[in-house]
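Each chain is listed here by its residues.
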Amino acid sequence: MELWFKEVYPQGWGVVFKVEKGLCSVRSPYQRIDVLETKSHGRMLVIDGAVMLTELDEFAYHEMLVHVAMFSHPNPKDVLIIGGGDGGTAREVLRHDVKKILLVDIDEEVVNVSKRFFPSLATSFEDERLEVRAEDGIDFVKRASNGSYDVIIVDSTDPVGPAVGLFEKPFFEDCFRVLREDGIMVAQSGSPYFQLDIVAKSHKNMSEVFPIARTYIAGTPSYGGLWSFVIGSKRYLPEEPIREDSSVLEKLKYYNLDVHLGAFKLPTYIKKAIDEAKAS
Ligand code: AG3
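Notes on the structure follow. (Residues numbered from 1 in each chain as written. Predicted model: local features only at pLDDT ≥ 70, side-chain atom pairs only at ≥ 80, totals over all residues. Heavy atoms only, no water.)

Quick word on the sheet that holds strand 2 (residues 13-27)
Moving on, step 1. Pairing is antiparallel in the open sheet, where five strands are placed in the order 1-2-3-4-5. The sheet is open, and its two edges are formed by strand 1 (3-9) and strand 5 (50-54), each paired on a single side. Across the sheet, the axes of successive neighbouring strands diverge by a mean angle of 45°, strand direction being ignored.
Moving on, step 2. The sheet contact formed by strand 4 (residues 43-47) and strand 5 spans four bridges and is antiparallel. Note that in strand 5 the partner of Val46 across the bridge is Val51. (Pairing = 2+ DSSP bridges. Helix = DSSP H or I, 4+ residues; strand = E, 2+ residues; numbered from the N terminus. Axes fitted to C-alpha atoms, helices over the stretch in contact; angles between N-to-C directions.)

Below is the structure:
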């Protein structure tokens, strides 16, 4: 019997993967978590039916989520990750000379599943610079002290259920407050093909909170082709990397200086959607 996994976007198109076998399926208090062995993409993490990552192309998403912000800051030492329980985002941050990372994911089951099935991501949990807390990221930033982080990275699922607030202005305002005076935050902001409203709304919210707000894109085939990220900065221009660190760069597979610069060149329809949202 042939088994296929498909994630269908509401527009009536999606991504399909031939499944060799199901490795794990758990229901946490927050969501359903599945790990599948696919024929073409290695292991895949699925949350509530949505593809979170595959071993084949997770590097593109994680490198682009992390290194654009990290290379736009001159000296990122204290980093807060909201979500990212699989450890992939932390793995990329740990390539830099950071002092401390706090990872706040609402669901510790994601961390447990990653430790069992995704060793190449979960290596980050062994690094003593990383602390993990199972808490709601929205509540966490509400209570966090002013000016405690250089970079905040939001690695969330789609804006459904408990993740909805992670795309909204009050959360960005709290992040602004807990960042230092030259801090930067970045968040995944949806698919430019299937979630253009989320791309545009996230940008609008960010631009109402941070003096500098930009959207950039990267190729992520497992999420249907293209993905977007929104970045908010208090001082530095994120489209211009401020540092070059060859010891980090030589380990990366997607991110490089040209990709950083190019990622901010947006197709017309994305620019238009952002401009329209800002004008509304
Ligand atoms: N975080 C963002 C994935 C969103 C994908 N959406 C979807 N497939 N509908 C993934 C977590 C990786 N650390």
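Structural notes on the sheet that holds strand 11 (residues 212-220)
In any sheet, the strands associate via hydrogen bonds between backbone groups, in a parallel or an antiparallel arrangement.
Moving on, step 1. Judged by pairing direction, the sheet is mixed, and its seven strands sit side by side in the order 8-7-6-9-10-12-11 without closing on themselves. The open sheet has two edge strands with one neighbour each: strand 8 (130-134) and strand 11. Recorded for the sheet is a direction-independent mean angle of 15° between the axes of neighbouring strands.
Moving on, step 2. With five bridges connecting them, strand 9 (residues 149-155) and strand 10 (residues 179-188) associate as parallel partners.

So, the nonpolar core
Moving on, step 1. In terms of nonpolar packing, the biggest core is built from 46 residues, with Val79, Val93, Tyr216 and Phe229 touching the most fellow members.
Moving on, step 2. At seven residues, helix 1 (residues 58-70) tops the list of elements feeding residues into this core.
Moving on, step 3. Looking at this core, you find at least three residues from each of domain 1 (3-54) and domain 2 (58-279).
Moving on, step 4. Apart from residues lying up to four places away in sequence, Tyr216 is in contact with Met64, Leu65, Val68, Val186, Trp227, Ser228, Phe229, Ile231, Ala263, Phe264 and Leu266.
Moving on, step 5. Listed in part, the 27 residues of the second largest apolar core include Ile82, Phe140, Val154 and Met206. (Core = buried A, V, L, I, M, F, W, Y, C linked by side-chain atoms within 4.5 Å. Buried < 20%, exposed > 50% of the residue type's maximum accessible area, 1.4 Å probe, protein only. Domains from an automatic or database assignment. Contact = heavy atoms within 4.5 Å.)

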